[in-house]
Amino acid sequence: MQKINKNVVLALLSLTSLVFLLFQLYYYKFYLSQKHVVRKFLGLISSHNIPVYLIDPLILGLVDKDIEQIRSSPDGPSPECKYFCAPRDFTTFALLDKTWKHEVGLFRTAEKMGFQWLKIINKDPRLDGMDDLSGIEIPLHYIFKLASHAIHLVVFYERSGNYLWHGPLRLKQHMDKKFVPFRKLHFGRYPGAYEKPELLLVSIDDLKVQIPKNPSSFLEEMSHSRFLECRYREARAFFQLYPDDASLGAVEFRKKAKSLLHLAALTLNKLGVKFWLSSGTCLGWFRQCNVIPHSKDVDLGIFIRDYKTDIIPAFQKAGLPLKHKFGKVEDSLELSFQGDDDVKLDIFFFYEEDDHIWNGGTQAKSGKKFKYLFPKFTLCWTEFVELRVHVPCETLQYIEANYGPDWKVPVKTWDWKSSPSNVQYNGIWPIDEWDDVIQIY
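Let me begin by describing the structure that accompanies this report. Predicted model, so just to flag it, every value in this text is computed and none were measured.

Focus: the overall build of the chain
Thinking step 1. If you tally the helices and strands in the chain, you get eleven helices and 20 strands.
Thinking step 2. For 441 residues, the compact-globule estimate of 2.2 N^0.38 gives 22 Å, and the chain exceeds it by more than 25% at 28 Å.
Thinking step 3. Expressed along its principal axes, the backbone C-alpha trace of the chain runs to roughly 100 × 60 × 40 Å.
Thinking step 4. Each of the 441 residues in the chain was classed as buried or not, and the buried ones make up 49%.
Thinking step 5. For the chain, restricting intrachain contacts to residue pairs at least 6 apart in sequence, the fraction spanning at least 24 positions comes to 69%.
Thinking step 6. In the form shown here, the chain has an accessible surface area of approximately 22900 Å², with 54% of it arising from carbon and sulfur atoms.
Thinking step 7. In the chain, 57 positive and 53 negative side-chain charges are present, and the distance between their average locations comes to 7 Å.

Here's the deal with helix α8 (residues 279-288)
Thinking step 1. Of all ten residues that make up α8, ten are buried, and the element is covered over most of its length.
Thinking step 2. Inspection of α8 places Ser279, Gly280, Thr281, Cys282, Leu283, Gly284, Trp285, Phe286, Arg287 and Gln288 among the buried residues, and these make up the whole buried set.
Thinking step 3. One or two steps after α8, the chain reaches Cys289, where phi turns positive at roughly 55°.

With respect to the state of the cysteines
Thinking step 1. The tally for this structure, following the rule as stated, stands at three disulfides.
Thinking step 2. With a sulfur-sulfur separation of 1.8 Å, Cys81 is cross-linked through a disulfide to Cys85. Since a negative S-S torsion denotes a left-handed disulfide, the Cys81-Cys85 link at about 90° is right-handed.
Thinking step 3. Residue Cys81 is classed as buried on the basis of its relative accessible area of 16%.
Thinking step 4. The residue that forms a disulfide with Cys230 is Cys289, at a sulfur-sulfur distance of 1.7 Å. Looking along the S-S bond of the Cys230-Cys289 disulfide, the torsion reads about -140°, which is the left-handed sense. Placement of the pair is Cys230 in the loop between α5 (215-222) and α6 (232-241) and Cys289 in the loop between α8 and β11 (297-303), with a sequence separation of 59 residues. Exposure class is identical for Cys230 and Cys289. Each is buried.
Thinking step 5. If the cysteines joined by disulfides in the chain are listed in sequence order, their pairing comes out as 1-2, 3-4, 5-6.

Observations concerning the pattern of salt bridges
Thinking step 1. A full pass over the atoms with the stated rule returns 20 salt bridges.
Thinking step 2. Here the salt bridges do not stand alone but share partners, grouping Lys98, Glu158 and Lys196 into one network.

Comments concerning the nonpolar core
Thinking step 1. One finds Leu277, Leu300, Phe315, Leu335, Phe337, Leu345 and Phe349 to be the most contacted residues of the largest nonpolar core, which totals 64 residues.
Thinking step 2. Per-element tally for this core: the top contributor is helix α7 (residues 248-271), with eight residues.
Thinking step 3. With residues up to four places along the chain from it excluded, the contact list for Leu345 reads Leu260, Ala264, Val298, Leu300, Phe315, Leu320, Leu335, Ser336 and Phe337.
Thinking step 4. Counting residues in each nonpolar core, the second largest holds 52 residues, with Tyr53, Ile59, Ile204 and Val209 among its members.

A short note on the side chain of Arg159
Thinking step 1. Position of Arg159 relative to the elements: it lies in strand β5 (residues 149-159).
Thinking step 2. In terms of polar contacts, Arg159 uses its side chain to reach the side chain of Glu383, at 3.3 Å.
Thinking step 3. In this structure, Arg159 is in contact with Pro125, Arg126, Trp165, Phe227, Glu229 and Glu383, ignoring residues within four places of it in sequence.

Some details on the packing of helix α2 (residues 57-65) against α5
Thinking step 1. It is at 9 Å that the axes of α2 and α5 come closest, and there the two elements cross at 145°. Helix-helix and strand crossings are classified by hand; for α2 and α5 the assignment is left-handed. Taken together, the residues of α5 that come into contact with α2 (itself represented by Pro57, Leu60, Gly61 and Asp64) are Pro215, Ser216, Phe218, Leu219 and Met222.
Thinking step 2. Tallied by class, residues from the contact of α2 with α5 come to six nonpolar, two polar and one charged.

Description of unusual backbone geometry
Thinking step 1. With phi around 55°, Asp205 is a residue other than glycine that occupies positive phi space.
Thinking step 2. In this structure, Asp205 sits in the loop between β8 (199-204) and β9 (207-212).
Thinking step 3. With phi around 45°, Val385 is a residue other than glycine that occupies positive phi space.
Thinking step 4. Looking at the secondary structure, you find Val385 in the loop between β17 (379-383) and β18 (388-392).

Considering a nonpolar patch on the surface
Thinking step 1. Together, Leu241, Tyr242 and Val409 give the surface a local cluster of nonpolar side chains, amounting to about 280 Å² of exposed area.
Thinking step 2. For Val409, the position within the fold is in the loop between α10 (395-403) and β19 (423-428).
Thinking step 3. Classification of Val409 by relative accessible area gives partly exposed; the value is 40%.

Quick notes on the packing of aromatic side chains
Thinking step 1. Throughout the structure, instances matching the rule amount to 30 aromatic pairs.
Thinking step 2. Summarising the aromatic geometry, the rings of Phe107 and Trp117 are spaced 3.8 Å apart at their centres and angled 5° between planes, so their arrangement reads as stacked. With Phe107 in helix α4 (residues 103-112) and Trp117 in strand β3 (residues 116-123), this residue pair connects regions lying ten residues apart in the sequence.
Thinking step 3. Trp117 gets classed as partly exposed once you look at its relative accessible area, which sits at 29%.
Thinking step 4. Judged by centre distance (4.6 Å) and plane angle (15°), the rings of Tyr351 and Trp358 are stacked. Side by side, Tyr351 and Trp358 carry an identical accessibility label, which is buried.
Thinking step 5. Through pairs of rings, three or more aromatic residues link up here, namely Phe41, Phe93, Phe107, Phe115, Trp117, Tyr142 and Phe144.

Cut-offs applied
Residues numbered from 1 in each chain as written. Predicted model: local features only at pLDDT ≥ 70, side-chain atom pairs only at ≥ 80, totals over all residues. Heavy atoms only, no water. Helix = DSSP H or I, 4+ residues; strand = E, 2+ residues; numbered from the N terminus. Rg over C-alpha atoms; globule rule 2.2 N^0.38 Å. Buried < 20%, exposed > 50% of the residue type's maximum accessible area, 1.4 Å probe, protein only. Contact = heavy atoms within 4.5 Å. Areas by Shrake-Rupley, 256 points an atom, 1.4 Å probe, with all protein chains shown as cover. Lys, Arg positive; Asp, Glu negative; His and termini not counted. Charge placed at Lys NZ, Arg CZ, Asp CG, Glu CD. Disulfide = S-S within 2.5 Å. Salt bridge = Lys/Arg side-chain N within 4 Å of Asp/Glu carboxyl O. Core = buried A, V, L, I, M, F, W, Y, C linked by side-chain atoms within 4.5 Å. Polar contact = N/O pair within 3.5 Å; in protein donor to acceptor, adjacent residues only side chain to side chain. Axes fitted to C-alpha atoms, helices over the stretch in contact; angles between N-to-C directions. Left-handed = near helix turned anticlockwise from the far one by under 90°. Nonpolar A, V, L, I, M, F, W, Y, C, P; charged D, E, K, R; others polar. Patch = residues over 30% accessible without salt bridge, like charges linked within 9 Å, V, L, I, M, F, W, Y side chains within 5 Å. Phe/Tyr/Trp six-rings, centres within 6.5 Å; stacked < 30°, edge-to-face > 60°.

In short, shape yes, function no, at least from these values alone.
What follows is the structure in structure tokens.
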């Protein structure tokens with residue numbers, strides 16, 4: 001019996017050793033080979049003096065946990081392959097378009113090194129406008145594949161709002177849709193907008209790469225980066241039906257509204273308060289890619305959870321005195337600030353419920369309260385009057401809730417208490433609260 005037990009034990013040990021050996025071979029083939037592909041790619045772009053930086057969310061997530069050790073050690077935290085050997089189908093890098101223009105030579109070298117490559121192009125939205133819809137195409141994404149791993153190179157472009165933008169990844173009909181598992185890509189499902197990152201040169205897994213100096217901030221930004229273009233084609237159709245107001249008064253108002261919006265964005269961004277275009281300002285962006293000249297104000301929305309007591313003094317310090325304050329933090333808060341001449345800035349605070357979002361309104365002379373209901377929405381970036389700002393991603397539903405199905409038709413007479421499609425009477429403020437909830441300056 002002892003002899004049998006010894007044989008069994010030896011067999012189990014041999015089997016265990018074989019399994020471990022097979023695992024090591026598998027690990028080397030599929031994971032260490034990933035690092036080999038990355039090393040070859042970095043050598044490729046280095047030979048052509050192309051500055052790229054790492055934006056792969058899986059790797060940056062691992063790096064962020066060890067960022068202090070990585071920053072303090074010029075040779076990296078450890079000799080083991082911890083980051084580039086993490087299992088994944090792609091490794092993602094970013095390229096600034098203005099830093100590189102000679103792709104033909106790169107492709108030739110890549111092919112000699114064994115890479116297969118794919119170039120994805122699409123129309124350049126930066127050239128779109130009311131007078132011209134550009135047909136010029138620009139490179140948006142590159143895929144370099146070697147063996148079982150691929151490098152996704154995302155091309156970023158500077159936009160007039162002083163931010164970086166990347167386009168969507170849309171394959172042409174003739175392209176091989178099985179070239180790589182495109183659905184697993186982290187970038188390209190939607191266009192994205194980002195702050196210009198400060199970069200840091202580090203050594204990870206014995207490879208020198210540039211990464212965003214603050215990986216956690218970049219990853220947070222990535223999760224809310226979706227970008228919506230202004231709809232110039234629809235705006236042109238709108239102005240064919242309703243010619244634009246080109247009067248001196250309209251031109252002057254748009255100039256002042258643009259300046260006021262830039263000042264408001266600067267003020268709120270300094271406070272770290274997230275905001276979006278709301279009401280008539282949002283309608284102007286969505287319908288005609290411009291400020292509505294007869295609106296006479298700039299409208300912004302802020303979630304009440306993002307309210308800060310510093311908001312009023314910050315705007316006053318910026319030269320915008322408080323015109324009125326209605327409601328309170330717990331209910332129907334709204335603020336109005338006076339800009340140049342008769343142009344004012346209205347900030348509406350939004351409250352989230354289980355199945356909808358709402359903001360309030362107050363009639364000063366009667367104390368009557370009103371509520372405006374919206375379907376739930378998320379926030380996307382857009383560019384408006386040369387500024388990167390948020391708008392509701394579900395813009396059409398947001399606009400239709402506020403302005404109804406006829407939102408495409410301009411309306412110059414508007415009663416905020418009855419005209420909106422989503423308005424509801426919400427009672428009256430108790431008289432003993434009026435001094436707090438109805439403040440006019």
